[in-house]
Number of protein chains: 2
Amino acid sequence: MLDVREIDLSAVREQVDTVLEDFIEDKARAAVGRKLPPEVAGTLRDFLTAGGKRIRALLCVVGWHAAGGGEGEDRTAILRVAASLELFVAFALIHDDIMDDSATRRGRPAVHRALRTRLGPSPRAERLGAGGALLVGNLALIWAQELLHTAELSVQRRRAVHALYDAMLEEVMYGQYVDVMGIGADDDIDAALQIVRCKTATATVERPLQLGAAVAGADDTTLGLFTELGLPLGEAFQIRDDLLDVFGSADGACAPGLGDLREGKHTVLLARGLRAATAAQRRRLRHLVGRDDLDERGAAEVRAILEETGAREHTEHMITSRYEQVLRVLEASALPPAVSRALHGLAVTATRYTS
Amino acid sequence: MLDVREIDLSAVREQVDTVLEDFIEDKARAAVGRKLPPEVAGTLRDFLTAGGKRIRALLCVVGWHAAGGGEGEDRTAILRVAASLELFVAFALIHDDIMDDSATRRGRPAVHRALRTRLGPSPRAERLGAGGALLVGNLALIWAQELLHTAELSVQRRRAVHALYDAMLEEVMYGQYVDVMGIGADDDIDAALQIVRCKTATATVERPLQLGAAVAGADDTTLGLFTELGLPLGEAFQIRDDLLDVFGSADGACAPGLGDLREGKHTVLLARGLRAATAAQRRRLRHLVGRDDLDERGAAEVRAILEETGAREHTEHMITSRYEQVLRVLEASALPPAVSRALHGLAVTATRYTS
């Protein structure tokens, strides 16, 4: 059936969102019953409804189809695992925003900023707001795991799902740790790529696909195929994200920003710029990037250097070559055509999206 | 057998520590193999070896004995669950220290302070050190859950263990959230007790006992007994901890401190003091408590007010009445004598310890 019918990704998205809404609604209700603050669940609900492409949840369900999950089967378990990934993302982003002290997320104040504001003008509001957000993030992770624990799976499939999920969580934490603690030189492209791989690439594509496949009892061949596919696609996705942050999108829907530049984020783009720069350009880049007070003028100078050194173009090539790699793997694979088409569509969305 | 032999708690402690050491050693080795920083595992190993009574792990194993686990049986699963609780404690304390910006823990610099120092004199070292510690704490939680996921349990027992563990994690996060966000008036004894219950009481005694019992397939009667026993004992334990923080221990092994007073922690002790204070005393308490710059002289004044109002004595009574409640429950229970004796011993350690 999958060979002729398409996977209806918008229906999947709705189903995942329903699982999330019901789960969080239950949490809010239970909190009220126990005289605990229902606002924690409310904060997560608002965070989830404010945006997000649910790309991990969708990839998870596509992975399930690839390994034989399909029409007419009970989808309860796969939807819980897919929904769990979206709570995991909420956890990672809420904590990320604390660490970077980001002002906004999905067009709203970041959680720690919103809580800080609620605490009013107190010298401790900053620290307590960050503390409250840290706990909301922790609950997102704890609830993500609860969704897994309550998914009905056979002993063997549960073991496979947990092994993949635990590995994913560990990878992301290691990637963030290396990033935060600034291990590795700022012009080391390989180090920057390792952070990309750990922090986002595997957790965005490879692991979600594998998790879905594991729910359907996939063999090692399918899991291996998703590594082959997931690494280039995940990297392309993150490198695109880094480019968008600095240069914005071609259609103007995403404006060029100061976030990564002020943060001094160790991106492939920046590492390439530093590598290809003249001594004078390198001095300017190191002077400007990583300053909290970097302004639009300074950012424009950084962007100009990243253009002049060819770093921007080189980084675009890195995305293209990864995208082509994904196409080659898809073509050579024995995946059902509907799965292949869905993955191709998601690859385009992830690497070429304009906002 | 349990009726005549004692439960050898020091042997249990050693076994739990071995599980933890092996697990963390494997993590460090795996990190080296993947060119990831083994220092994260090292930080957790140092944290665990620096101290801790392993009271939760011990209670977990005692709970297992109470529900029929015993000599000659395979202890692999129960030891993994018990060890998991100690990694959970590491997670909670590392995050707690970030939120309170505590300088030390177990006689060493708190993790976020140690990482801050390592980052050197940079204006960002404070934020990045806190970020690194947040991630180390997250890994402690993720690894705590990995220990659970890899414990061999039947489907039914696994479900019971996860339900209890997830409930425990949620309770602790809610308790900390209410504490951090300052919900509830500072002279509200019931609100302070609710924080005690959520944040520490259930996670210290009730849940560890129940988790151990669930590993042995306990019925609802045993789980209910552990709630009856766990709540008063857990509360007594935490109230003792709050008293020790402000007044130190009778034998001088634990010095009176400034931590909770500077933090303005909503303790039962403080709530009772505010309730029983004169208007003038209340003004002084509110002026002094919760200031980062509170000095020894100010703290001495706070302590004097807590003595004069009878708050200290009242709080001691609260511990005693809970301890007696524990004894009554133990006597009325049909627990094997060796289990009863072990619990009695742990109750004395937890509520009367002098350092």
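In case you missed it, the structure is sitting above this.
Residues numbered from 1 in each chain as written. Chains lettered and ligands numbered in written order. Predicted model: local features only at pLDDT ≥ 70, side-chain atom pairs only at ≥ 80, totals over all residues. Heavy atoms only, no water.

A.B. asks: Teacher, can you tell me more about the nonpolar core here?
C.D. replies: What tends to happen in soluble globular proteins is that the nonpolar side chains get buried as a cluster. Residues A:Leu87, A:Phe88, A:Trp143, A:Leu343, B:Leu87, B:Phe88 and B:Trp143 are the most contacted members of the largest nonpolar core, which totals 195 residues. Not counting the four nearest positions on each side in its chain, B:Leu87 is found in contact with B:Leu20, B:Phe23, B:Ile24, B:Leu44, B:Leu48, B:Ala140, B:Trp143, B:Ala144 and B:Leu147. (Core = buried A, V, L, I, M, F, W, Y, C linked by side-chain atoms within 4.5 Å. Buried < 20%, exposed > 50% of the residue type's maximum accessible area, 1.4 Å probe, protein only. Contact = heavy atoms within 4.5 Å.)

A.B. asks: Help me understand the packing of helix α12 (residues 279–288) of chain A against helix α13 (residues 296–308) of chain A, please; the structure alone is not making it clear to me.
C.D. replies: The description of two packed helices rests on the angle between their axes and on the distance between the axes. Residue and element names in this part refer to chain A. Interaxial distance between α12 and α13 falls to 10 Å at its minimum, and their mutual angle equals 140°. Judged on the interaxial angle alone, α13 and α12 are oblique. The hand of the α12/α13 crossing is left-handed. For the pair formed by α12 and α13, the contact residues are Gln 281, Arg 284, Leu 285 and Leu 288 on the first element and Gly 298, Glu 301, Val 302, Ile 305 and Glu 308 on the second. Looking at the contact of α12 with α13, its residues break down into 4 nonpolar, 2 polar and 3 charged. (Axes fitted to C-alpha atoms, helices over the stretch in contact; angles between N-to-C directions. Helix = DSSP H or I, 4+ residues; strand = E, 2+ residues; numbered from the N terminus. Parallel < 35°, antiparallel > 145°, perpendicular 65-115°, else oblique. Left-handed = near helix turned anticlockwise from the far one by under 90°. Nonpolar A, V, L, I, M, F, W, Y, C, P; charged D, E, K, R; others polar.)

A.B. asks: I tried to follow the relation of the copies chain A and chain B on my own but got confused; where do I start?
C.D. replies: Superposing the two chain copies requires a rotation about an axis and a translation along that axis. Turning chain A through 180° and shifting it by 0.0 Å along the axis lays it on chain B, with an RMSD of 0.0 Å. Taken together, the rotation angle and the small translation identify this as a two-fold axis. Nearest to the rotation axis, the C-alpha of A:Val155 is located 3.6 Å from it, this being the minimum over chain A. (Least-squares fit on C-alpha atoms with pLDDT ≥ 70 in both.)

A.B. asks: I'm lost on unusual backbone geometry in this one. Help?
C.D. replies: A negative phi holds for most residues other than glycine; trans holds for most peptide bonds. Residues and elements named next belong to chain A. The phi dihedral of Arg 54 is positive, around 55°, even though this residue is not glycine. Along the polypeptide, Arg 54 turns up in the loop between α2 (39–49) and α3 (55–66). What makes Arg 54 buried here is its relative accessible area of 5%. For Arg 106, which is not glycine, the phi torsion reads 50° and is therefore positive. Turning to its location among the elements, Arg 106 is positioned in the loop between β1 (104–105) and β2 (108–109).

A.B. asks: Help me out: how do you make sense of the interface of chain A and chain B in this one?
C.D. replies: Often the size quoted for an interface is simply the accessible area lost on bringing the parts together. Residue-level contacts link 56 residues of chain A with 56 residues of chain B. Buried area between chain A and chain B, summed over both chains or domains, comes out near 5,100 Å², and the portion from carbon and sulfur atoms is 62%. For A:Glu263, the salt bridge goes to B:Arg127, with nearest N and O atoms at 3.8 Å. At 15 residues, the largest contribution of residues to the side of chain A that touches chain B is made by helix α6 (residues 125–149) of chain A. For the side of chain A that touches chain B, the residue count by class is 26 nonpolar, 10 polar and 20 charged. (Buried area = accessible area lost by both parts, 1.4 Å probe. Salt bridge = Lys/Arg side-chain N within 4 Å of Asp/Glu carboxyl O.)

A.B. asks: Just to check I follow, could you spell out the packing of aromatic side chains for this structure?
C.D. replies: What characterises a pair of aromatic rings is the spacing of the ring centres plus the angle enclosed by the ring planes. Applying the stated criterion across every chain, the model contains 6 aromatic pairs over all chains. Relative to A:Phe91, the ring of A:Phe88 lies with its centre 6.4 Å away and its plane at 40°, an arrangement referred to as tilted. You can see A:Phe88 and its partner A:Phe91 sitting in helix α4 (residues 76–100), 3 residues apart, about one turn around the helix. As far as the burial class goes, A:Phe88 and A:Phe91 line up, both buried. Linked through ring pairs, A:Phe23, A:Trp143 and B:Tyr174 together constitute an aromatic cluster. (Phe/Tyr/Trp six-rings, centres within 6.5 Å; stacked < 30°, edge-to-face > 60°.)

A.B. asks: Can you help me understand the side chain of B:Arg56 in this one?
C.D. replies: Residue and element names in this part refer to chain B. Looking at the element boundaries, Arg 56 is found in helix α3 (residues 55–66). It turns out Arg 56 is buried and unbridged, and the closest side chain with the opposite charge, Glu 86, is 5.2 Å from it. The residues contacting Arg 56, other than those within four sequence positions of it, are Leu 85, Glu 86, Val 89, Ala 203, Thr 204, Pro 208 and Phe 237. (Lys, Arg positive; Asp, Glu negative; His and termini not counted.)

A.B. asks: Help me understand the side chain of A:Thr309, please; the structure alone is not making it clear to me.
C.D. replies: Residues and elements named next belong to chain A. Here Thr 309 lies in the loop between α13 and α14 (311–332). What makes Thr 309 buried here is its relative accessible area of 14%. Polar contacts involving the side chain of Thr 309 include one to the main-chain carbonyl oxygen of Leu 306, which spans 3.3 Å. For Thr 309, the contacting residues outside a window of four places in its chain are Gly 273, Ala 276, Ala 277 and Gln 281. (Polar contact = N/O pair within 3.5 Å; in protein donor to acceptor, adjacent residues only side chain to side chain.)

A.B. asks: Looking at this structure, I do not really get α13(A). What am I missing?
C.D. replies: Helical geometry: 3.6 residues make up each α-helical turn, so side chains three or four residues apart lie on a common side. Residues and elements named next belong to chain A. For α13, built from 13 residues, the straight-helix expectation of 18 Å at 1.5 Å per residue is met to within 8% by its first-to-last C-alpha distance of 18 Å. Those residues of α13 that fall on the buried side of the exposure criterion are Gly 298, Ala 299, Val 302, Arg 303, Ile 305 and Leu 306. Seen along its axis, α13 keeps its buried residues to an arc of 160°; they face one direction. Facing away from the buried side of α13 by more than 90 degrees, the exposed set consists of Arg 297 and Glu 308. Of the surrounding elements, those touching the buried residues of α13 are α9 (220–247), α10 (259–263), α11 (268–276), α12 and α14. Two residues or fewer after α13 comes Gly 310, characterised by a positive phi angle close to 80°. (Expected span 1.5 Å × (residues − 1). Arc of directions from axis to C-beta.)

A.B. asks: Which parts of the structure should I look at to understand helix α15 (residues 337–352) of chain A?
C.D. replies: Residues and elements named next belong to chain A. Here α15 is 16 residues long and its end C-alpha atoms lie 22 Å apart, about the 22 Å a rise of 1.5 Å per residue gives. Those residues of α15 lying buried are Ala 338, Val 339, Ser 340, Ala 342, Leu 343, Leu 346, Ala 347, Ala 350 and Thr 351. Contacts made by the buried residues of α15 are with α1 (9–33), α3, α8 (189–215), α9 and α14.

A.B. asks: Would you mind showing me how to read the pattern of salt bridges here?
C.D. replies: Side chains that differ in sign of charge can pair as their charged atoms come close. Tallying each qualifying case throughout the model produces 55 salt bridges over all chains. Between B:Asp17 and B:Arg13 there is a salt bridge, and its shortest N-O distance comes to 3.6 Å. With B:Asp17 and B:Arg13 both in helix α1 (residues 9–33) and 4 residues apart, this pair spans about one turn of that helix. One salt-bridge network, held together by shared partners, links A:Glu25, A:Asp26, A:Arg29 and A:Arg45.

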